[in-house]
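Each chain, written out:
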Amino acid sequence: MSQDKNNIWQTGLILAGLFLLMLLLNILMPLHRDDYDYSMIYTTAVHIVNFDDVLRSCYVHYMLHGGRMFTVFCLDLFLWLGKIWFDIANALMFVALVVLLYFHARREIKLSGEPVMVAVASLLAWLSFPHFGEVAIWKSGSTVYLWSAVPVALFLLPYNLSLKKGESVFRGWMFIPMLLLGVIAGWSVENLAVTVVGVTAFISWHFYKKQNLLSWMPAGCFGALIGLIGLVAAPGNYVRYDDQGKGKGILTHIGNQFAGNGEMVLYILPIILALLISWRIFKIVLAEKKGVTLKPVDSRVTVGQWILLGLIVLLVTSYFNGSFVAWAIRDVLYSLVMVPAGLTNPGVVDKVNNIFRGFEEMAIYWFIIFFIYAIVKKKLGLSKENIKLLAENVKAKEIWASYESVRYAGLMLLLALLNNMVMMAAPTFPARATFSSVCMIIIAAIAVFREPVIRQYYEKYTAKLLYAGAFGIGLFTVSATTLVMYTMQQEHEARIAIVEEAVAKGEPIAYMEPIKMTNRALRHVFFVDFDNGVTKYGLCKYYGIEDIKVLKDENK
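An account of the accompanying structure is given in this report. (Residues numbered from 1 in each chain as written. Predicted model: local features only at pLDDT ≥ 70, side-chain atom pairs only at ≥ 80, totals over all residues. Heavy atoms only, no water.)

A short note on the packing of helix H8 (residues 139-165) against helix H11 (residues 216-232)
- Running from amino to carboxyl end, H8 crosses H11 at an angle of 145 degrees, the nearest separation of the two axes being 11 Å. In the packing of H8 onto H11, the handedness of the crossing is left-handed. Along the contact surface, H8 presents Phe155, Pro158, Tyr159 and Ser162, while H11 presents Trp216, Met217, Gly220, Cys221 and Ala224.
- Its residues placed into classes, the contact of H8 with H11 shows 7 nonpolar, 2 polar and no charged. (Axes fitted to C-alpha atoms, helices over the stretch in contact; angles between N-to-C directions. Helix = DSSP H or I, 4+ residues; strand = E, 2+ residues; numbered from the N terminus. Left-handed = near helix turned anticlockwise from the far one by under 90°. Contact = heavy atoms within 4.5 Å. Nonpolar A, V, L, I, M, F, W, Y, C, P; charged D, E, K, R; others polar.)

In structure tokens form, the structure reads like this:
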């Protein structure tokens, strides 16, 4: 078998594995929260039972809640068709997005030759998307973010390829297809839609100035503008803004930027550190060309690093056995700090408990990342002394001028920042709204990692370590996510059975115990108990019951 064919098979297996993982998680994810509302004609208790109901529900939503017609249509349609069809479609969408991000990073429609880079793109998408369970698995969330990103990435691909090639990759007959795809891309989510219009307008202007503009380019831009107008002009937007934006001044909007971008940084930490290492590798290469040699560094693992590794093992053991470490720390904090300070009211205690429910998973994740980062630095000789030596001999502008991948990555990072800044106009900026910006950051990262000198250095000095680290992080997050989601699904089914029994008996209220497991597996699991207002309201309408009561947990 030739190397190219072998690479294609490896890439196919990676993508097939990714699809099966996402399919499993989608199957385990039940209808939840807003899914119940969207299973009915919007604002009513009438279940969607045919295609006309789908269209009617979309119309009501457009008039009363928001302009995201494409995503709402997809959600209502698949909720009507059945859960399994959504599960399959959603898994395919995730795989399609990973492939499209890789194509954008490579700036070529080709999957052969780089199975490792496809695997890296898959891992970064798995780790870095903010609130993964909300944006990639939960039906009402994934149709907004994941299902918007796929047509946008597809729509922008010919623009990117044309920019790389210096001439159009399409002929004029693509006028109508690009116009229609542009409407869908523009009718996505607000900040991404604005970015799409701006990018396609700039590229169209660029080719116009070169006297090499073909009709499909401005047609796609015009279609995106139509979609954007349809998105923001929806009467429902003004209804929602009056509700959410009332009393929020400019300082609140600016503060939202810090909160949204700050939380995004926590999720893209592996990318940030890997890009920082790559930046220094570029410096090493350019310094060597100038005859500058790094001073020898002791690459042995230190005592502190062995202690950190032992702590990681302890925390992993605790995580899968009731989180005894986290709760022990919580108890010590409660006894020595909170009780003496008088911080014992139920509201404060509940907030502290909520922090410690996610304490171990975040600690494990960050400790593994920093453990790998510290060892990689040593293996590459990046001591403080050598980093200072590189800074003195190689300037940033030299790296920028020497590598096209760096310039492309820099532009993608700038675009990600601007894409987030569009959210300045929104009354809120939840971390999930950074989804499309993280897509751009992943593209930037893969573009840099594909650079031959970066791959050579990583493969020569740190390949085994990086493979082991990727396997460890992947195994932990996938195992934790699968375990928590399976447990949540079982808990959910038991409580739905209680609701259905109450309905069958004609009882107006369904009583149930609270869900005990609250781990979120790095936000890869999105599930809240049935006493949450959104969940309870939709469930009650869906099943025709007056109320759901979750009994107080005496051990809380």
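With respect to the pairing of strand S2 (residues 547-550)
- Relative to S2, strand S1 (residues 509-512) is paired through 4 bridges, and the arrangement is parallel. Its bridge partner being in S2, methionine 512 is matched across the sheet by valine 550. (Pairing = 2+ DSSP bridges.)

Thoughts on the packing of helix H15 (residues 303-319) against helix H16 (residues 324-341)
- Contact pair H15 / H16: the axes reach a minimum separation of 7 Å and the direction vectors enclose 95 degrees. When the axes of H15 and H16 are compared, the pair comes out roughly perpendicular. Here H15 contributes Leu314, Leu315, Thr317 and Ser318 to the contact with H16, which in turn contributes Phe324, Val325 and Ala326.
- Across the contact of H15 with H16, the residue classes tally to 5 nonpolar, 2 polar and no charged. (Parallel < 35°, antiparallel > 145°, perpendicular 65-115°, else oblique.)

Notes on the side chain of asparagine 419
- Note on placement: asparagine 419 falls in helix H21 (residues 404-421).
- Exposure remark for asparagine 419: the relative accessible area of 0% places this residue in the buried category.
- Within the structure, the side chain of asparagine 419 is placed 2.8 Å from the side chain of serine 436, a separation counted as a polar contact.
- If near-sequence neighbours (up to four positions away) are discounted, asparagine 419 is found in contact with Asn191, Leu192, Thr195, Ser436, Ser437 and Met440. (Buried < 20%, exposed > 50% of the residue type's maximum accessible area, 1.4 Å probe, protein only. Polar contact = N/O pair within 3.5 Å; in protein donor to acceptor, adjacent residues only side chain to side chain.)

Comments concerning H11
- Here H11 spans 24 Å end to end across 17 residues, near enough to the 24 Å set by a 1.5 Å rise per residue.
- Among the residues of H11, Trp216, Met217, Ala219, Gly220, Cys221, Gly223, Ala224, Gly227, Leu228, Gly230 and Leu231 are the ones counted as buried. (Expected span 1.5 Å × (residues − 1).)

A look at the nonpolar core
- Counting residues in each nonpolar core, the largest one holds 162 residues, and the members touching the most others are Phe94, Leu97, Phe129, Phe155, Phe435 and Ile442.
- Once you skip the residues sitting within four places of it in the chain, phenylalanine 155 turns out to touch Met178, Leu181, Gly182, Ala185, Val196, Thr200, Gly220, Cys221 and Ala224.
- By size, the runner-up hydrophobic cluster in this structure holds 5 residues, among which are Ala326, Met338, Val349 and Val352. (Core = buried A, V, L, I, M, F, W, Y, C linked by side-chain atoms within 4.5 Å.)

A closer look at the side chain of glutamate 114
- Note that glutamate 114 resides in the loop between helix H5 (83-106) and helix H6 (115-128).
- A relative accessible area of 8% places glutamate 114 in the buried class.
- Reaching out from glutamate 114, the side chain makes a polar contact with the side chain of arginine 450 at a distance of 2.8 Å.
- When sequence neighbours within four positions are dropped, the list of residues in contact with glutamate 114 reads Tyr102, Arg106, Arg450 and Arg455.

Describing the environment of alanine 396
- Within the secondary structure layout, alanine 396 lies in helix H20 (residues 396-402).
- Taking the C-alpha atoms as reference points, alanine 396 and glycine 227, separated by 169 residues in sequence, lie 40 Å from one another.

Regarding the environment of glycine 304
- Tracing the backbone through its elements, the reader meets glycine 304 in helix H15.
- The class for glycine 304 is partly exposed, based on a relative accessible area of 44%.
- Glycine 304 sits 97 residues away from alanine 401 along the chain, and the two C-alpha atoms are 39 Å apart.

Describing the pattern of salt bridges
- Per the counting criterion, the structure on display carries 18 salt bridges.
- In this structure, lysine 505 engages glutamate 501 in a salt bridge whose closest nitrogen and oxygen atoms are separated by 2.9 Å. Of this pair, lysine 505 and glutamate 501 both sit in helix H23 (residues 452-505), 4 residues apart, roughly one helical turn.
- The class for lysine 505 is exposed, based on a relative accessible area of 53%.
- A salt bridge links aspartate 547 to lysine 549; the nearest nitrogen and oxygen atoms lie 3.4 Å apart.
- Residues participating in the shared-partner salt-bridge network are Arg106, Glu108, Glu114, Arg450, Arg455 and Glu459. (Salt bridge = Lys/Arg side-chain N within 4 Å of Asp/Glu carboxyl O.)

Observations concerning empty space enclosed by the protein
- For the structure shown, the criterion picks out 2 cavities of 30 Å³ or more.
- Of the volumes computed, that of the largest cavity is approximately 40 Å³.
- The wall of the largest cavity is formed by Leu127, Leu266, Tyr267, Met362, Tyr365, Leu522 and His524.
- The set of elements that each furnish at least two residues to the lining of the largest cavity consists of helix H13 (250-267) and helix H18 (359-379).
- The calculated volume of the second largest cavity comes to roughly 30 Å³. (1 Å grid on protein atoms, 1.4 Å probe; cavity = no way out; pocket = protein on both sides within 12 Å on 5 of 7 lines; lining within 4 Å. Points joined across faces, edges and corners; volume = space filled by probe spheres on them.)

Regarding the pairing of S1
- The alternating pattern of S1 places Ala510 and Met512 on a buried face, while none of Ile509 and Tyr511, on the opposite face, is buried.
- Crossover handedness for the path S1 to helix H24 (residues 533-543) to S2: right-handed. (Right-handed = clockwise from strand over helix to strand, strands pointing away.)

What about unusual backbone geometry?
- Positive phi, close to 70 degrees, is recorded for threonine 43, a residue that is not glycine.
- Along the polypeptide, threonine 43 turns up in the loop between helix H2 (34-38) and helix H3 (51-64).
- You will see that serine 323, though not glycine, has its phi angle at about 60 degrees, which is positive.
- Here serine 323 shows up in the loop between H15 and H16.

With respect to the environment of arginine 495
- Its place among the elements puts arginine 495 in helix H23.
- Using a relative accessible area of 8% as the deciding quantity, one classes arginine 495 as buried.
- Expressed as a C-alpha distance, the spacing of arginine 495 and methionine 512, which sit 17 residues apart in the sequence, is 6.7 Å.
- With near-sequence residues (within four places) excluded, arginine 495 lies in contact with Met512, Glu513, Pro514, Ile515 and Phe530.

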